[in-house]
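# Structure at a glance
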Amino acid sequence: MPLKQIAILGSTGSIGVNTLDVIRAHPDRFEVVALTAAKQIERLAEQCIEFKPTIAVVADAEGAAKLTQLLQAKKIATQVLYGPEALARAITESGCDTVMAAIVGAAGLVPALAAAKAGKRILLANKEALVMSGNLFMQAMQVGGGELLPIDSEHNAIFQCLPDRFTKNPSAHLGVEELWLTASGGPFRDRPLVDLSGITPEQACAHPNWVMGRKISVDSATMMNKGLEVIEAYWLFGLPLEKIKVLIHPQSVVHSMVHYRDGSVLAQMGQPDMRTPIAYGLAWPERIDAGVAPLNLTQLSGLSFTEPNFAQFPCLSLAFAAAKAGGTTPAVLNAANEVAVAAFLDDGLPYLSIPNVVEHCLNALPSVAASSLETILEADALARRTANDFIRDIKR
């Protein structure tokens with residue numbers, strides 16, 4: 001059986017590192033042909049030395065020079081490129097058939113679209129691609145003729161619980177009544193909103209169950225992450241927005257569920273470890289060892305589910321509102337949140353001001369049809385400027 005040729009966009013992040021861990025355990029199945037990273041040059045060099053990809057991409061010329069020097073010292077012949085356009089080249093020139101789209105945030109949109117247009121199998125871990133450009137992205141997938149497999153644990157769980165015929169023709173629905181996305185509730189699920197005014201980045205990033213990057217950890221704490229996942233699920237699975245629900249599930253054992261018309265509920269369960277959905281996506285439709293300990297049901301003390309308190313998690317409410325508005329509003333939501341979270345992590349913006357920044361941008365900026373990539377990127381840029389201006393006003 002020929003090796004699958006894998007390109008990993010965002011190989012030094014949490015998803016990228018876990019993807020390489022699964023690939024490392026299956027050298028008879030997978031070959032890494034392209035790796036990309038923004039700033040973690042030393043870690044990328046270590047990955048290139050081990051996996052010897054054809055192409056490696058970094059953010060800028062300085063990083064490329066440093067990576068080239070590190071690889072030449074080890075006599076590694078990987079071609080080093082840099083800049084946003086090089087991400088598309090990594091997809092089209094590396095010979096990959098599968099793309100792990102794991103770049104965090106809006107920066108992952110353009111290369112994910114390039115992979116869609118090129119007809120690749122896309123393992124989508126970058127939810128922002130669908131949040132920002134849902135219809136455009138799905139059209140690109142249809143034209144390109146590739147396959148789209150969700151890697152977010154919630155969407156991967158739903159994918160596993162749906163009938164195969166549904167994933168090939170979502171409009172048929174096949175008795176699917178609702179999709180239930182589970183959420184841990186993050187580190188502050190049991191604390192009233194009024195008690196969160198002095199929250200630090202370290203506290204917000206201390207997720208009780210999952211190991212994630214700092215930005216995604218903050219999104220989990222505010223539950224913006226779940227709001228973005230609702231929008232992603234809408235585009236992935238084709239059900240009306242009102243049929244996509246969120247449930248707080250603190251144990252993070254049930255990763256999501258599908259509620260059927262006959263009253264049945266199918267759930268996918270497992271350890272809170274991203275290697276499980278990654279391995280599923282890499283080998284689909286087969287299943288391989290993910291390196292994850294099996295779930296021992298006899299050791300579970302109990303599983304609980306509650307509806308979210310939207311007053312406690314205003315970011316979740318804002319995400320539902322943006323989803324209903326449609327057009328470029330979800331792109332504005334995402335951009336404003338990215339700016340606000342970065343300001344919280346790096347510049348002292350109060351934790352409770354994150355939803356204020358997002359709400360201000362949603363109110364200030366009109367929604368237009370997301371008919372082209374240029375329109376979406378313009379909305380993204382305008383939202384970032386608006387968010388930064390508002391943050392400066394807050395901090396005065």
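Please refer to the structure placed before this passage.
Presented here is an overview of the structure given in this document. Keep in mind the model is a prediction, meaning the values are calculated, not measured.

Rules used throughout
- Residues numbered from 1 in each chain as written.
- Predicted model: local features only at pLDDT ≥ 70, side-chain atom pairs only at ≥ 80, totals over all residues.
- Heavy atoms only, no water.
- Pairing = 2+ DSSP bridges.
- Helix = DSSP H or I, 4+ residues; strand = E, 2+ residues; numbered from the N terminus.
- Axes fitted to C-alpha atoms, helices over the stretch in contact; angles between N-to-C directions.
- Contact = heavy atoms within 4.5 Å.
- Salt bridge = Lys/Arg side-chain N within 4 Å of Asp/Glu carboxyl O.
- Buried < 20%, exposed > 50% of the residue type's maximum accessible area, 1.4 Å probe, protein only.
- Core = buried A, V, L, I, M, F, W, Y, C linked by side-chain atoms within 4.5 Å.

### Concerning the sheet that holds strand β9 (residues 244–248)
- Ordered in space as β9-β8-β10-β11, the four strands form an open sheet in which the pairing is mixed. Of all the strands in the sheet, the pair left with one neighbour each is β9 and β11 (265–269). Strand-to-strand twist in this sheet, taken as the mean axis angle between neighbours without regard to direction, amounts to 20°.
- Relative to strand β10 (residues 254–260), strand β8 (residues 176–183) runs antiparallel, the two being bridged by five bridges. Bridging from a neighbouring strand, Trp180 pairs with Met257 of β10.
- Contacting β8, β10 and β11, helix α7 (residues 153–161) crosses the sheet at an angle of about 40° to β10.

### A short note on the environment of Pro314
- With respect to the secondary-structure elements, Pro314 resides in helix α13 (residues 314–325).
- Spatially, the C-alpha atom of Pro314 lies 6.4 Å from that of Pro355, the residues being 41 residues apart in sequence.
- With sequence-adjacent residues up to four places away left out, Pro314 is seen in contact with Leu193 and Pro355.

### Considerations on the sheet that holds strand β4 (residues 79–82)
- As summarised here, the arrangement of the seven strands in space is β4-β3-β2-β1-β5-β6-β7, forming an open sheet in which the pairing is parallel. Each edge of the open sheet carries a strand with a single partner, namely β4 and β7 (147–150). In this sheet, adjacent strand axes meet at a mean angle of 25° when their direction is disregarded.
- Direction of pairing for strand β1 (residues 4–9) relative to strand β2 (residues 30–36): parallel, over a ladder of six bridges. Each bridged residue has a counterpart across the sheet, and for Lys4 the counterpart in β2 is Phe30.
- Against the sheet, helix α3 (residues 61–73) engages β3 (55–58) and β4, with an angle of about 170° to β4.
- Running at roughly 175° to strand β6 (residues 121–124), helix α12 (residues 275–283) makes contact with β1, β2, β5 (98–101), β6 and β7 of the sheet.

### A closer look at the pattern of salt bridges
- Counted by the stated rule, this structure contains 21 salt bridges.
- Here Glu147 and Arg121 are joined by a salt bridge, their closest N and O atoms 2.8 Å apart. Of the two residues, Glu147 sits in strand β7 while Arg121 sits in strand β6, which places them 26 residues apart along the sequence.
- Given a relative accessible area of 35%, Glu147 falls into the partly exposed group.
- For Lys226, the salt bridge is made with Glu229, and the minimal N-O distance between the two is 2.7 Å. A residue pair is termed a helical-turn pair when its members lie 3 or 4 positions apart in one helix, as Lys226 and Glu229 do in helix α11 (residues 224–237) at three residues. The two residues Lys226 and Glu229 agree in class, both being buried.
- One network of salt bridges, with partners in common, ties together Asp21, Arg24, Glu50, Asp273 and Arg275.

### Thoughts on the nonpolar core
- Ranked by internal contacts, the top residues of the largest apolar core, which has 95 residues, are Ile122, Phe137, Leu162, Leu179, Leu333, Tyr351 and Ile354.
- Sort the elements by how many residues they give to this core and helix α14 (residues 329–347) lands first, with eleven residues.

### Things to note about helix α5 (residues 109–117)
- The element α5 is largely enclosed, with a buried count of seven among its nine residues.
- Turning to α5, its buried residues are Leu109, Pro111, Ala112, Leu113, Ala114, Ala115 and Ala116.
- Looking at the buried positions of α5, the neighbouring elements they touch are β1, α4 (84–93), β5, β6, α6 (128–144) and α16 (373–395).
- Looking at the residues trailing α5, positive phi occurs at Gly119, about 75°.

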